[in-house]
Structures are given as C-alpha cells and as structure tokens.
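Spelled out from the first residue to the last, the chains are:
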Amino acid sequence: MALVTALRSRSFNFVHRNHLIYNTCWEDPRVDHAALNLTDRDTVLMITSAGCNALDYALAGPKHVYAVDMNPRQNALLELKIAAIKRLTYEDFFSLFGQGKLDGYESIYQSTLRPMLSDRAKAFWDENADCFDGLGRRPSFYFRGTSGWFAWMINQYINRVARIRDAIDAALDAPSVEAQQKIYQTQLQQAFWRPQLRWFLRRDCTMSLLGVPRPQRDQIDRDYHGGVAQFAEDCVAAVFGKLPLKDNYFWRVYLTGRYTPECCPAYLKPENFERLRNGLVDRISVHTSSIATFLRRHEVKISRYILLDHMDWLSAADHPALRQEWQQIVRRSAPKTRLLWRSAGLKSDFVDRVPVQYGGRKVEVGSLLSYQRGLAEELHQVDRVHTYGSFHIADFAAA
C-alpha cells in the first residue's frame, strides 16, 4: 500500500512540477468579490493559477495584488497576459486569450511580448510558442496544458463517442435555466454519462491532469456518497440544471475551446482591458515561491488572502509546510484581514487544528478565526464553477 501511495505521489508531482496545469482559473471571482469587498486600501495575496482572477481583482482597484505560485509556468502565463494588455490592441488581445489563438503569434511574441517578460517566462514561452498558433489537433490554447489536455479529450468524447455536440451548444446558448435543464435531462444526461467516462474519471492519472492530487480525491471519496465519479456527475447536473449557462464562461471555454465576447472573464471585456491598460495592471506583481516564503521575505501587511484549495494538499502531504504558512499569515495579517479558501472536501476543519505561535503562546488557528459560514454557504450555492465541496470565508479576529 505504501508503494502504491508513493507511486501515485510521484506521478502527480511529475505532472504538476513539469507542466502548465491551469490555462484558465477554475474559481469564480464573482463569488470572491462578494466575499472580499475589496477597496483601494486592501493588499491582496493570492495563488496565481492562470492569472485570470489576479486581473479580475485588480479591476476592483485594490492597493496591490501579489500573485504567488510555486509553479513558474503559471506565473509565466500571467506575465504573458500582462505584457499583452500593455502592448497589444484589444482585438489581438481577445484573439489571443479569448479565442486561444492569434494569426502571426510567433512573430508578435518575438517582437512585442517577449521583451516584457522575465527570463524564466521567456524560457517557457520560447519553448511553447505553438500554444497560440491555432494549428494541429489542439488548435486552441485552452486545449493546452494538462487541464487543457483533459478538456480536449472530453471534447473528443462529446464529438465522437457520445455525439452530443449540437445538444451541448444548444444548452450553452439556451435562453433560460429551465430550457437548458430540459436539454440536459432529455438529450445529454444519458448519452454523456457512459460507463467508460465514469471509469476514466476514477483514474488517478485523470485527476492529475486536472491538478487534483490523491489527498483531495480521498477527501471526496470519504465525504461524498458515490465518490469522485458521482460527485462529478452531480456537479454537472447542477451546472446544467440550476445555474445560468449564458454567462458561465468557465464551462464554455472547456466545452468549446474558446470564449465569446458575451461570455468571457472580466479582463477580456473591452472596457476592462482599457482600465487595466491605463494603470490597474501595474498594481499586480508576480512571485514564484510558496506563500510562506513570500511572507517571510516581504515586509507587507496583507488584508485579503485568496488561498484556493492548496491547503487540501498540504494537510495530507506536507503538514509542516501548512503550519509554516499559517504562522506567516498570522504574522503578516493586517487589521480586519479576511481569508478565502476552497476545499474538495465538504469541510476543511483540519485548518482549525493547525498550531501557531500568537501573542507569545501556542494556539490553534481556529481560535483566531471568525467564520462567515452563512455568507460562504450562500455564495457556494451560486458559484458558477461548482466543482468544490466547500467554500470558506474567515476573518482573522485577532488582527
């Protein structure tokens, strides 16, 4: 059993440490904005992921957004977006990150974007210029990276196995939730959820492509009746049956490989592109490190933390790192600090038991937090991504 666990861990680490995992953020910033109440006095620390939400938070005008990620490829993607905002026309920018391809990209990259990048980002994009050329079997950037590879495979399954492309497109463009629910129940549900797909979703290698390590998958299997495959099926049913798809750009991009002008992240809207270009994008800085290392090295007070779901990983695989991270969060939190995180599990009570030093004594993190459980549950229900088991909002009550 120990050997199996070690092999699973090595497989995940190989995928995660050597590839771009996320080509778009898989967290709903609309929910985050409602929870964060960002003002021009706030300093934000977030995990970069694909950088979409760093740009989205910057649109609220906080004092600064620190985008931190241990995977330099994720930071390279945000750097490329920032360079493109500063140097491209809106039309080319939307082609690049809205359609996932741009005619003449390699020449534009070399002459216009590359000089704006860090050396590490240059090295990555020099080797991956074909991501945006629109050619080959995966003609969109949103079919690149490991999560994009998964999206491409699902699209092949939709087109060639289930043969439900017309019904998918009809649901995405349905005029109402009731209409899309009817399409799902009568044309999609039975055709899509075949035994081979359920088998595919249960594989650890599939979860690795999506950036889901074994500890997260174990949380779902433990907390959710029917395990990870049933959880995925229920999530899809909720997205198609309870939430409007017309503005659900998260699912649209993975089901089609592109955004539309009407259904896309805020940073791809023309008016927001101009606001970012006119100064707001300069409030973002990009840092390749762990959160704990960043907080140790930078003398800044943080009032808003967006921690995504990475504590699920640390809780099982690297608990000392989780303790170090929370110690630095406690040390660097500004007055009225608010923290957001998500979890694959239906709860994340392991956070409350993390020991830290505070006020000259050893305490558990939970004693320093005041949870906004009602607001978190309300927002979790309308999260357009709808693939996390739980959503958490906590104020650092001691700050």
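The rules we used
- Residues numbered from 1 in each chain as written.
- Predicted model: local features only at pLDDT ≥ 70, side-chain atom pairs only at ≥ 80, totals over all residues.
- Heavy atoms only, no water.
- Helix = DSSP H or I, 4+ residues; strand = E, 2+ residues; numbered from the N terminus.
- Rg over C-alpha atoms; globule rule 2.2 N^0.38 Å.
- Buried < 20%, exposed > 50% of the residue type's maximum accessible area, 1.4 Å probe, protein only.
- Areas by Shrake-Rupley, 256 points an atom, 1.4 Å probe, with all protein chains shown as cover.
- Axes fitted to C-alpha atoms, helices over the stretch in contact; angles between N-to-C directions.
- Parallel < 35°, antiparallel > 145°, perpendicular 65-115°, else oblique.
- Contact = heavy atoms within 4.5 Å.
- Nonpolar A, V, L, I, M, F, W, Y, C, P; charged D, E, K, R; others polar.
- Phe/Tyr/Trp six-rings, centres within 6.5 Å; stacked < 30°, edge-to-face > 60°.
- Lys NZ or Arg CZ within 6 Å of the ring centre and 35° of its normal.
- Core = buried A, V, L, I, M, F, W, Y, C linked by side-chain atoms within 4.5 Å.
- Pairing = 2+ DSSP bridges.
- Expected span 1.5 Å × (residues − 1).
- Polar contact = N/O pair within 3.5 Å; in protein donor to acceptor, adjacent residues only side chain to side chain.

> Is there a simple way to explain the overall build of the chain in this structure?
Broken down by element type, the chain carries 20 helices and nine strands. In summary, the chain has a C-alpha radius of gyration of 21 Å against a globular reference of 21 Å for 399 residues, a match within 12%. Split into buried and exposed, the 399 residues of the chain put 56% on the buried side. Summed over its atoms, the accessible surface of the chain is roughly 17400 Å², and 51% of this surface lies on carbon and sulfur atoms.

> Is there a simple way to think about the packing of helix H4 (residues 72-87) against helix H7 (residues 119-127) in this case?
Relative placement of two packed helices is described by the angle separating their axes and the distance separating the axes. For the pair H4 and H7, interaxial distance at closest approach is 9 Å and the crossing angle is 90°. Taken as axis vectors, H4 and H7 run roughly perpendicular relative to one another. Within the contact between the two elements, H4 uses Pro 72, Arg 73, Ala 76, Leu 77, Glu 79 and Leu 80 and H7 uses Arg 120, Ala 121, Phe 124 and Trp 125. In terms of residue class, the contact of H4 with H7 is made up of seven nonpolar, no polar and three charged.

> Would you mind going over the packing of aromatic side chains with me for this structure?
Each aromatic ring pair is specified by the distance between its two centres and by the angle formed by the two planes. All chains considered together, the criterion is met by 28 aromatic pairs. Look at Phe 93 and Tyr 267: their rings are 6.0 Å apart centre to centre, the planes differ by 70°, and that puts the pair in the edge-to-face class. Here Tyr 267 lies in the loop between helix H15 (249-256) and helix H16 (270-277) and Phe 93 lies in helix H5 (residues 90-97), a separation of 174 residues in the sequence. Under the relative-accessibility criterion, Phe 93 is labelled buried at 0%. Between Phe 93 and Phe 273 the ring centres are 5.0 Å apart and the planes differ by 40°, which places this aromatic pair in the tilted class. Placement of Phe 93 in helix H5 and of Phe 273 in helix H16 is noted, with a sequence separation of 180 residues between them. Taken as a pair, Phe 93 and Phe 273 share a single burial class, namely buried. The lysine or arginine in question, Lys 81, covers the ring of Phe 97, its NZ or CZ lying 5.6 Å from the ring centre.

> Whenever I open this one, the nonpolar core confuses me. Can you help?
Inside soluble globular proteins, nonpolar side chains tend to come together where they are buried. The biggest cluster of nonpolar side chains holds 129 residues, and the ones touching the most others in it are Phe 97, Trp 125, Phe 240, Trp 326, Trp 341 and Leu 369. Looking at this core element by element, the count peaks at eight residues for H4. Among residues more than four places away in sequence, those in contact with Phe 240 are Ile 168, Ala 171, Val 177, Gln 180, Gln 181, Tyr 184, Leu 188, Leu 245 and Leu 255. Residues Ile 220, Val 228, Cys 235 and Ala 344 belong to the second largest nonpolar core, which totals five residues.

> Looking at this structure, how should I read the sheet that holds strand E1 (residues 43-47)?
In a beta sheet, neighbouring strands pair by backbone hydrogen bonds and run either parallel or antiparallel. Taken together, the seven strands give an open sheet; going across it, the order is E3-E2-E1-E4-E5-E9-E8, and neighbouring strands pair in mixed fashion. Two strands close off the open sheet at either side, each with one partner strand: strand E3 (284-288) and strand E8 (369-371). With strand direction ignored, the average angle separating the axes of adjacent strands in the sheet is 20°. Here strand E2 (residues 64-69) pairs with E3 via five bridges, running parallel. Within E3, the position partnered with Val 65 by the bridge is Ile 284. Along the sheet, helix H2 (residues 29-36) contacts strand E4 (302-306), strand E5 (333-343) and strand E9 (390-396); its crossing angle with E5, the most-contacted strand, is approximately 150°.

> I tried to follow helix H8 (residues 145-162) on my own but got confused; where do I start?
Note: α-helices contain 3.6 residues per turn, so residues at a spacing of three or four share the same orientation. Across its 18 residues, H8 extends 24 Å between first and last C-alpha, which sits within 8% of the 26 Å expected from 1.5 Å per residue. Considered for burial, the residues of H8 that qualify are Thr 146, Ser 147, Gly 148, Phe 150, Ala 151, Trp 152, Ile 154, Asn 155, Gln 156, Tyr 157, Ile 158 and Ala 162. Just downstream of H8 lies Arg 163, where phi reads positive at about 55°.

> What exactly am I supposed to notice about the pairing of strand E6 (residues 355-358) here?
The side chains of a regular strand alternate, first on one face of the sheet and then on the other. Pairing of E6 with strand E7 (residues 361-364) involves four bridges; the strand directions are antiparallel. Each residue of the ladder has a partner; that of Gln 357, found in E7, is Lys 362. Counting the residues that bridge the hairpin from E6 to E7 gives two residues, and of these Gly 359 lies at a positive phi of roughly 60°.

> What's the story with the side chain of Gln 74 in this structure? I'm lost.
Positionally, Gln 74 belongs in helix H4. Of note is the side chain of Gln 74, whose polar atom sits 2.7 Å from the backbone oxygen of Ser 49. Setting aside residues no more than four positions away along its own chain, Gln 74 makes contact with Leu 20, Ile 21, Tyr 22, Thr 48, Ser 49, Ala 50 and Asp 69.

> Is there a simple way to explain unusual backbone geometry in this structure?
Backbone geometry follows two general trends: most residues other than glycine have a negative phi, and most peptide bonds adopt the trans configuration. The phi dihedral of Arg 163 falls on the positive side, at around 55°, and the residue is not glycine. Within the secondary structure layout, Arg 163 lies in the loop between H8 and helix H9 (165-172). Assessed through its relative accessible area of 66%, Arg 163 is described here as exposed. Unlike most non-glycine residues, Leu 308 shows phi in positive territory, near 50°. Assignment of secondary structure puts Leu 308 in the loop between E4 and helix H18 (310-317).

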